[in-house]
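Listed below are the residues making up each chain.
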Amino acid sequence: MNVQTVNPEQKLTIKDLHTENPRWCIGCGDFGIVMALKRFMIDDTLNPKDTVNVSGIGCSGRAPNYVNTYGLHGIHGRPIPISLGLALVRPDLNVFVHSGDGDALSIGGNHLIHGINKNFNCVFLLYDNELYALTKSQTSPTTRKGHATNTQPSGSYLDPLNAVRLVLGIGASFVASSADWMPDHLGQVLDAAFKHKGFSFVHISQRCPHFDPNNFDHKSTSWFSFLTHEKGIPVDKRLADKVEVVQHDPSNAEAAFKIANSSRVHFGLYYHDPKKPCYDQILRDLITKTEQKSRKDMFAKFRI
Amino acid sequence: MIDKPQINEIDDINAIPDFVFERFRIKRLPDHIEMVRNSQSIPGTEGGMRRVTGLNTDQTGSVNYFAGSNQRSHEVRNEKVHHVRRALTVPEMFGPSEGDVLAISWGSTRGALEEAIINCRKEGIKASGMHLRIVYPLPLMFKEIFAKFKKVVTVELAYGDSLKPAPLMMLLRSETLVDVRSLICRATGRPIRPKIIKEKIQELLR
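Described below are features of the structure shown in this document. For clarity, every value in this text was computed on a predicted model and none was experimentally measured.

Turning next to empty space enclosed by the protein. Residue and element names in this part refer to chain A. Per the counting criterion, the structure on display carries two cavities of 30 Å³ or more. Here the second largest cavity defines a volume of roughly 30 Å³. Lining of the second largest cavity is provided by Gly-77, Pro-79, Ile-80, Ser-99, Asp-103, Ala-104, Gly-108, Leu-112 and Phe-124. Elements with a contribution of two residues or more to the lining of the second largest cavity: α3 (79-89) and α4 (101-107).

Rendered as structure tokens:
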């Protein structure tokens, strides 16, 4: 299949961003996430030549292959170090990091901590389907207690890890949550995350009809609430009158923790701190401030 | 005087001086070497959008699951290694290119082997040495070199015994089908001394 080129004169279309038909199961939530990303790229007129999608391994890892931008299908759990390198060298690029719940919280858990701590400029998408699906259903850190998988057939033994509370605890500067079946809301979240300068953590509840059809009930609306505020993200238009709406100021960290701690699921902007310093910016400032020396002078001392 | 940084910032490969090739005993590679993907553009290049992936791809860079495409990718990648193999020349030799024993080493054992061969030659033992700077891939003329010696042995700082063949010995045997044996294969972590190599060669020829 030929890679299509984008004419800069014309408006970007979904067709321009199409590469090939994804190899995901029928009804997979990843289709919704990739489509929301494409729509967001069109709405915010992101140039595909300046956009890089970096991923780890897993069903989520295939996402960059299905968007006609630059992409890197990296190694398991390590999309964050790769994208940190990109963010340091090429601040002109729009970096999107795609990682699954196992990739980000288990295999790449340590990189997630330092990615958030370094607060470099990228949008991090956590595809949370509550199990390992590419390897055909094993227990992941976010598998809910009692759910039977191939590795724990009598039901998962532990309570799931709360990803939003975890990243709030590490000190993320932008924490939002959405779901794959709400394209309008997911688009708004991506828009806010992209505009934030720093590590924008976006938790996405992703359906997995093949291995866990009951992980998220997308037909009913009683089990979740929307967070909204004038500084936050607007409620999904389609579901606005069916879902409970909670007013939450995203600059209030304490309230964000309380919401993350509750047993109810909340979609929206949890926390936003635009003032947290960015590691990539600090390093670049340091380089511009440093006195310029020619290579010849620098290596003169090391001549053998 | 070698200006090290200059070598690190060479833009044109033709500017690499000949002594660098001589040191590694390799000829220049051909100008054109085929890659799996035609496009190697970097982010920011208009129209060159591509995905770097561990999945198999065709020339255009699209993921491709067809059998023929997978076979082609393997052929292209292996051909790149074969280019290096064809360019490799005879490794560094100590002593004449024929005799009773050829001792082969790689890595840190070079100095000890060279000294041992000099000492052996002084005592009239027809021993020669060969030191490998590149262990993989190996050059193509090893069988001809080995044929001129009665015995071929390896000197390596790696474990081996009668049931567990030492790694370099195993590699050379599988490449050449010559009966290569281990002269020294130990994992003590201590340097191999020239005296020990000489004694072992004498023992071998006794």
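That covers the picture; the talk isn't over yet.
Counting through the fold element by element, Glu-75 of chain B comes out in helix α3 (residues 67-87). Between the alpha carbons of Glu-75 of chain B and Val-36 of chain B there is a distance of 9.1 Å; along the sequence they are 39 residues apart.

Residues and elements named next belong to chain A. As for its position among the elements, Thr-228 is in strand β7 (residues 224-228). Since its relative accessible area comes to 11%, Thr-228 is described here as buried. Not counting residues up to four positions away in its chain, the partners in contact with Thr-228 are Ile-233, Pro-234, Val-235, Val-245, Val-246, Gln-247 and His-248.

The mixed open sheet is built from 10 strands, whose spatial order is β8(A)-β7(A)-β9(A)-β5(A)-β6(A)-β4(A)-β3(A)-β1(A)-β2(A)-β1(B). Either end of the sheet is taken by a strand with one partner, and the two such strands are β8 (244-247) of chain A together with β1 (51-52) of chain B. Note that strand β2 (residues 70-73) of chain A and β1 of chain B share two bridges and pair parallel. Pairing of Gly-71 of chain A across the sheet is with Arg-51 of chain B, part of β1 of chain B. Along the sheet face, helix α8 (residues 253-261) of chain A touches β7 and β9 (265-272) of chain A and points at about 160 degrees away from the line of β9 of chain A.

Rules used in this analysis
- Residues numbered from 1 in each chain as written.
- Chains lettered and ligands numbered in written order.
- Predicted model: local features only at pLDDT ≥ 70, side-chain atom pairs only at ≥ 80, totals over all residues.
- Heavy atoms only, no water.
- 1 Å grid on protein atoms, 1.4 Å probe; cavity = no way out; pocket = protein on both sides within 12 Å on 5 of 7 lines; lining within 4 Å.
- Points joined across faces, edges and corners; volume = space filled by probe spheres on them.
- Helix = DSSP H or I, 4+ residues; strand = E, 2+ residues; numbered from the N terminus.
- Buried < 20%, exposed > 50% of the residue type's maximum accessible area, 1.4 Å probe, protein only.
- Contact = heavy atoms within 4.5 Å.
- Pairing = 2+ DSSP bridges.
- Axes fitted to C-alpha atoms, helices over the stretch in contact; angles between N-to-C directions.

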